[in-house]
Amino acid sequence: MLADAVPATDPAADEAFLRAEDVSRALMVLLDRLTPPQRVAYVLHDLFSTPFDRIAEVLGTTVPNAKQHASRARRRLAPGRPEAEETGRADQEIVDAFMAAARTGDTSGMIALLAPDCVRDAEAALLPRGGRTTVTGAADIAAETAQFRDRIRAACRLTVDGRPMYVIAPGGHPFATIEISTAGGQVTRVTLRSARTEDRFDAPGPPSVL
């Protein structure tokens, strides 16, 4: 479910669970793409090492069917096709470094990674009343981003419709996407839009090493 469709108390409870249990926020988003039997089989077997005979009892099915549910879940959670991810792929190391600075409100760190003429585009619905949908310049973008560091802490790296992005997902519920473009080792554009029901979320590629 998208964050807007979830009662306000639920994301808060889910967020507390994620932080207390150190569960992957990206995994929480992706699990929502599975059918209930697939989710049960995958979580019980792959995360908790529950035997398939026990899982079959829980699901009221046979052991081969329980294994099939888990197998289908793994395929659905696998990263998107490499050829789709390569289209317009930004320098992931630069993107990850910018997001790391954004999470802590490190304006000087962000300015060092942003191109002087960088542009931030955002949907009006994601901004405070009267907020500018377009901001230009490294210093202004960094200062604004620092004000939203709490939201950015709820972001995880995923592939959205075949493109690498960050997804702001409080409690594991998609709220907005952050697409970051780079050129010449600097961030040149940051685009924020609301998460949509038709978005396809897939596992990201291997994380960069910072």
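Structure: see above.
The present account deals with the structure reproduced in this document. Please read these numbers as outputs of a predicted model, since none were measured by experiment. (Residues numbered from 1 in each chain as written. Predicted model: local features only at pLDDT ≥ 70, side-chain atom pairs only at ≥ 80, totals over all residues. Heavy atoms only, no water.)

This model, assessed by the stated rule, comprises eleven salt bridges. The partner of Asp96 in a salt bridge is Arg157, with the nearest N and O atoms 3.9 Å apart. In this pair, Asp96 sits in helix α7 (residues 92–104) while Arg157 sits in strand β3 (residues 155–160), placing the two residues 61 residues apart along the sequence. Taken as a pair, Asp96 and Arg157 share a single burial class, namely buried. Of the charged contacts, one joins Arg193 and Asp161 as a salt bridge, the two residues approaching to 4.0 Å between their closest N and O atoms. Here the residue Arg193 occupies a position in strand β6 (residues 186–194), and Asp161 occupies one in the loop between β3 and β4 (163–168), the gap between them amounting to 32 residues. Judged by its relative accessible area of 15%, Arg193 is buried. Each of the salt bridges in this network shares a partner with another, and the network as a whole consists of Asp161, Arg193 and Asp199. (Salt bridge = Lys/Arg side-chain N within 4 Å of Asp/Glu carboxyl O. Helix = DSSP H or I, 4+ residues; strand = E, 2+ residues; numbered from the N terminus. Buried < 20%, exposed > 50% of the residue type's maximum accessible area, 1.4 Å probe, protein only.)

Our next topic: the pairing of β6. For strand β1 (residues 114–122) and β6, the ladder comprises five bridges, and the chain directions are parallel. By the bridge assignment for β6, Leu114 is matched with Val187. Relative to β6, strand β5 (residues 176–183) runs antiparallel, the two being bridged by eight bridges. Considered in β6, the bridge of Glu179 is made with Thr191. Taken together, β5 and the strand that follows it, β6, pair antiparallel across an intervening segment of two residues, in which Gly184 is found at a positive phi of about 60°. (Pairing = 2+ DSSP bridges.)

This next bit is on helix α3 (residues 36–47). Its twelve residues give α3 an end-to-end C-alpha distance of 16 Å, which sits within 8% of 16 Å, the value for a rise of 1.5 Å per residue. Turning to α3, its buried residues are Gln38, Ala41, Tyr42 and Val43. On its buried face, α3 sits against α2 (25–31), α4 (52–59) and α5 (63–77). Ser49 sits one or two residues past α3 and shows a positive phi near 55°. (Expected span 1.5 Å × (residues − 1). Contact = heavy atoms within 4.5 Å.)

Right, let's talk about the packing of α3 against α5 for a bit. Relative to each other, α3 and α5 sit at 90°, their axes nearing to 8 Å. It follows that α3 is roughly perpendicular to α5 by the angle criterion. Taken together, the residues of α5 that come into contact with α3 (itself represented by Pro37, Gln38, Ala41, Tyr42, His45 and Asp46) are Ala66, His69, Ala70, Arg72, Ala73, Arg74, Arg76 and Leu77. Considering only residue class, the contact of α3 with α5 consists of seven nonpolar, three polar and four charged. (Axes fitted to C-alpha atoms, helices over the stretch in contact; angles between N-to-C directions. Parallel < 35°, antiparallel > 145°, perpendicular 65-115°, else oblique. Nonpolar A, V, L, I, M, F, W, Y, C, P; charged D, E, K, R; others polar.)

This paragraph deals with the nonpolar core. Counting residues in hydrophobic clusters, the biggest one holds 28 residues, and the most contacted among them are Phe98, Met99, Met110, Leu114, Ile180 and Val187. Looking at this core, the elements that each hand over two or more residues are α7, α8 (107–113), β1, α9 (138–147), β4, β5 and β6. Counting residues per element, this core draws most heavily on α7, which supplies six residues. By size, the runner-up hydrophobic cluster in this structure holds 18 residues, among which are Leu27, Tyr42, Val160 and Ala169. (Core = buried A, V, L, I, M, F, W, Y, C linked by side-chain atoms within 4.5 Å.)

On to the environment of Val40. Counting through the fold element by element, Val40 comes out in helix α3. Sequence-distant contacts of Val40, that is, excluding residues within four places in its chain, are made with Val58 and Leu59.

What follows is about the sheet that holds β3. Spatial ordering of the open sheet is given by β2-β1-β6-β5-β4-β3-β7, a layout of seven strands whose pairing is mixed. Bordering the open sheet on either side are β2 (134–136) and β7 (201–202), each of which pairs with just one other strand. Summarising the sheet, β1 and β2 pair through three bridges and their orientation is antiparallel. What sits directly across from Asp121, in β2, is Thr134.

Moving on to the environment of Asp199. Mapped onto the elements of the fold, Asp199 is located in the loop between β6 and β7. Among the polar contacts made by the side chain of Asp199, one reaches the side chain of Arg193 at a distance of 3.1 Å. (Polar contact = N/O pair within 3.5 Å; in protein donor to acceptor, adjacent residues only side chain to side chain.)

This brings us to unusual backbone geometry. The phi angle at Ser49 is positive, at roughly 55°, despite the residue not being glycine. Positive phi outside glycine occurs at Asp161, with the angle close to 55°. Residue Asp161 is classed as partly exposed on the basis of its relative accessible area of 41%.

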